[in-house]
Amino acid sequence: CKYNIDSNDNYVTLDIRVPVSIDVYGIKETLERVCSENGAKFDLHQIDVGTYMPADNKYLKSLAESYEKVTGKRAEMLCARGVTYAKSFEGKGVAFGPIEEGTDQGGGLHSIGEFIKKDAFFKMAEIYAEVLHNLT
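The model shown is predicted, which means the values in this text are computed figures rather than measured ones.

**A few points about the pattern of salt bridges**
Alright, step 1. Under the definition given, this model contains four salt bridges.
Alright, step 2. The closest approach of N and O atoms between Lys-28 and Glu-32, which form a salt bridge, is 2.9 Å. Highlighted residues: Lys-28 and Glu-32, both in helix α1 (residues 24-37), separated by four residues, approximately one helical turn.
Alright, step 3. By relative accessible area, Glu-32 is classed as partly exposed at 32%.
Alright, step 4. For Arg-33, the salt bridge is made with Glu-37, and the minimal N-O distance between the two is 3.5 Å. In this pair, Arg-33 and Glu-37 are both assigned in helix α1, four residues apart and thus about one turn of the helix distant.
Alright, step 5. Judged by relative accessible area, Arg-33 falls into the partly exposed class, the value being 44%.

This is the structure in C-alpha cells:
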C-alpha cells in the first residue's frame with residue numbers, strides 16, 4: 001500500500017484467499033466496479049480458482065487409509081487455501097505431504113532453513129509407498 005494525498009501514484013495491493021464456494025470472478029467484478037466508481041484503476045495480476053474434493057472421494061479415502069495404517073493415527077482432511085502443485089491436476093488431485101501437527105518440522109513451512117527430521121521423512125516415504133500400493 002502506498003498513499004500520499006498529494007500523489008496520483010497511490011496503490012493498494014490485495015492478496016485475497018476465498019473459499020471454493022465463493023465466486024472469485026464475482027469478487028473481481030465488484031472490485032472493478034468499486035474502483036471505477038471512485039476514480040481508481042483496477043489491475044488484476046492473477047486469479048487462481050480453488051480446487052475442492054469431497055472427503056468421501058475414493059482417492060482421498062485411500063490416502064487417509066494409508067496414513068492411518070502406517071501411523072496408527074486417525075487421518076483428518078484439511079482445507080487449505082494456497083497455491084499448491086495440486087492445481088496442476090485440474091481438480092483431480094490434492095496436496096498430500098509430510099506436515100504433521102505438533103511435530104518439529106523446522107523453520108516453518110516454505111521458510112529458509114525448512115527441514116524434516118529423518119524419522120518423519122522415512123515415515124512419509126512409508127505412507128507414500130502404501131498409497132501407491134493401494135492405488136495400483
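**Things to note about the environment of Asp-43**
Alright, step 1. Within the fold, Asp-43 resides in the loop between α1 and α2 (58-71).
Alright, step 2. Residue classification places Asp-43 among the partly exposed residues on the basis of a relative accessible area of 48%.
Alright, step 3. The spatial distance from the C-alpha of Asp-43 to the C-alpha of Thr-13 is 9.6 Å, given a sequence separation of 30 residues.

**Overview of the packing of aromatic side chains**
Alright, step 1. Evaluation of the coordinates by the stated rule reveals two aromatic pairs.
Alright, step 2. Ring centres 5.9 Å apart and planes at 45° place the aromatic pair Phe-96 and Tyr-128 in the tilted group. Placement of the pair is Phe-96 in the loop between α2 and α3 (118-135) and Tyr-128 in helix α3, with a sequence separation of 32 residues.
Alright, step 3. Classification of Tyr-128 as partly exposed rests on a relative accessible area of 29%.
Alright, step 4. Judged by centre distance (5.7 Å) and plane angle (75°), the ring pair of Phe-121 and Phe-122 falls under edge-to-face.
Alright, step 5. When its relative accessible area of 41% is taken as the criterion, Phe-121 is described as partly exposed.
Alright, step 6. Here Phe-122 falls in the exposed class, since its relative accessible area comes to 52%.

**Side note on the layout of surface pockets**
Alright, step 1. Roughly 1000 Å³ of internal volume is contained in the second largest pocket.
Alright, step 2. For the second largest pocket, the lining is made up of 30 residues, of which Leu-14, Asp-15, Asp-43, Leu-44 and His-45 are closest to its centre.
Alright, step 3. When grouped by side-chain class, the residues that make up the lining of the second largest pocket number 15 nonpolar, six polar and nine charged.

**Some details on a nonpolar patch on the surface**
Alright, step 1. The grouping of Val-12, Leu-14 and Ile-16 at the surface amounts to a nonpolar patch, some 300 Å² of accessible area in total.
Alright, step 2. Structurally, Ile-16 can be placed in the segment before α1.
Alright, step 3. Using a relative accessible area of 44% as the deciding quantity, one classes Ile-16 as partly exposed.

Quick notes on the rules
- Starting afresh in each chain, residues are numbered from 1 along the sequence in its written order.
- In keeping with the predicted nature of the model, local features appear solely for residues at pLDDT of at least 70, side-chain atom pairs appear and are counted solely at 80 or more, and the whole-chain, interface and lining totals rest on all residues.
- Calculated side-chain values reflect all of the structure's heavy atoms, with hydrogen atoms and water omitted.
- Each reported salt bridge corresponds to a side-chain nitrogen of Lys or Arg within 4 Å of a carboxyl oxygen of Asp or Glu.
- Here a helix means four or more residues in a row that DSSP labels H or I, a strand means two or more in a row labelled E, and each is numbered from the N terminus.
- Each residue gets one of three labels from its accessible area relative to the maximum for its type: buried under 20%, exposed over 50%, partly exposed in between, using a 1.4 Å probe on protein chains only.
- Ring geometry is summarised as follows: Phe, Tyr and Trp rings, the Trp one being its six-membered ring, pair when their centres sit within 6.5 Å, and such pairs are stacked at plane angles under 30 degrees, edge-to-face over 60 and tilted between the two.
- A pocket here means an open set of points on a 1 Å grid, computed over the protein atoms alone, that has protein on both sides within 12 Å along at least five of seven lines. A cavity is instead a set of points where a 1.4 Å probe fits but cannot get out; residues with an atom within 4 Å of a point line either one.
- Grid points are joined across faces, edges and corners, and a volume is the space filled by probe spheres set on the points.
- In this classification, the charged set is Asp, Glu, Lys and Arg, the nonpolar set is Ala, Val, Leu, Ile, Met, Phe, Trp, Tyr, Cys and Pro, and all remaining amino acids, among them Gly, are polar.
- Patch criteria: residues need more than 30% relative accessible area and no salt bridge. Like-charged residues are merged within 9 Å; nonpolar side chains of Val, Leu, Ile, Met, Phe, Trp and Tyr are merged within 5 Å.
- In short, Shrake-Rupley with a 1.4 Å probe defines the accessible areas, and a residue's cover is counted only from the protein chains shown.

That's the geometry; what it means functionally is another story.
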